[in-house]
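Structural characterization, general
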Amino acid sequence: MAKYMTLLWGSGSPPCWRVMIALEEKNLQGYNQKLLSLEKLEHKSKELLAINPRGQLPTFKHGDNVLSESYAVCFYLESQFKSQGTKLIPDGPAEQALMYQRMFEGLTFYEKLNVRNKEALVTELRLWEGYLQKLGSGSYLAGPSFTLADVVVFPTVGTVFRFGLSPERYPKLGEYHNLLKERPSIRASWPPHWLESPKGLDTLKDI
């Protein structure tokens with residue numbers, strides 16, 4: 001199936017990373033992919049605008065179906081390949097409700113990171129720290145199973161630590177980051193330019 005799929009993506013983009021983690025979790029390795037440079041504005045090329053008029057990454061194509069919203073791609077992959085790879089939507093109503101809640105709160109988390117308002121980001125980080133505290137050590141975002149909530153939120157968590165967030169100041173987020181960064185799907189999709197230069201930035205070290 002993967003040979004009928006194409007992903008246009010950018011390195012270090014959390015929305016692109018979400019889709020790549022989902023593809024790995026659903027055992028859909030071997031898809032066609034093209035890494036585009038956001039700096040060179042390659043995502044505004046005629047080729048991409050022809051299938052995605054917003055000119056955004058990721059852009060995902062499966063046969064004739066084109067999706068360019070990362071959450072939509074993740075839901076689509078889970079729905080179309082339900083019985084393959086990791087089951088990403090739990091059956092239990094409580095875990096499913098928490099998964100959906102955290103998934104969509106993940107959009108706010110990502111937004112707060114992009115807006116770069118220090119106070120708003122600190123408030124947001126404390127909120128997630130509290131969620132993980134409540135769930136206890138070794139938990140994923142919606143409970144004992146890895147779900148779509150982790151697929152979509154981990155790239156934001158990975159990014160805040162890449163930008164120097166202190167695991168001492170946010171120990172639960174630090175523990176969650178350490179738990180997930182060794183997961184095969186996350187290791188396989190780790191942003192290539194992060195691998196080339198493992199030392200991150202210190203933008204968020206005082207947050």
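Source: prediction; values computed, not measured. (Residues numbered from 1 in each chain as written. Predicted model: local features only at pLDDT ≥ 70, side-chain atom pairs only at ≥ 80, totals over all residues. Heavy atoms only, no water.)

1. Considering the UniProt feature "domain: GST C-terminal" (unreviewed entry) in the protein chain
UniProt records the feature "domain: GST C-terminal" (unreviewed entry) for residues 67–201 in the present numbering. The span residues 67–201 is 65% helix and 1% strand, and its two end C-alpha atoms sit 32 Å from each other. (UniProt positions renumbered as here; feature names shortened; annotations may be inferred. Helix = DSSP H or I, 4+ residues; strand = E, 2+ residues; numbered from the N terminus.)

2. Quick look at the pairing of strand 1 (residues 5–9)
Where burial is concerned, most of strand 1 is hidden: 4 out of the 5 residues are buried. Both strand 1 and strand 2 (residues 32–35) contribute to a ladder of 4 bridges, which runs parallel. Looking at strand 2, one finds that W9 is bridged to L35. Running through helix 1 (residues 14–25), the crossover from strand 1 to the neighbouring parallel element strand 2 is right-handed. (Buried < 20%, exposed > 50% of the residue type's maximum accessible area, 1.4 Å probe, protein only. Pairing = 2+ DSSP bridges. Right-handed = clockwise from strand over helix to strand, strands pointing away.)

3. Thoughts on the nonpolar core
Residues L23, F60, L77, L125 and V151 are the most contacted members of the largest nonpolar core, which totals 59 residues. Looking at this core, the elements that each hand over two or more residues are strand 1, helix 1, helix 3 (70–80), helix 4 (93–115), helix 5 (118–135), helix 6 (148–162) and helix 7 (171–181). The residue makeup of this core includes at least three contributed by each of domain 1 (2–80) and domain 2 (93–196). Setting aside chain neighbours within four positions, we find L77 in contact with M5, V19, A22, L23, K26, L28 and F60. (Core = buried A, V, L, I, M, F, W, Y, C linked by side-chain atoms within 4.5 Å. Domains from an automatic or database assignment. Contact = heavy atoms within 4.5 Å.)

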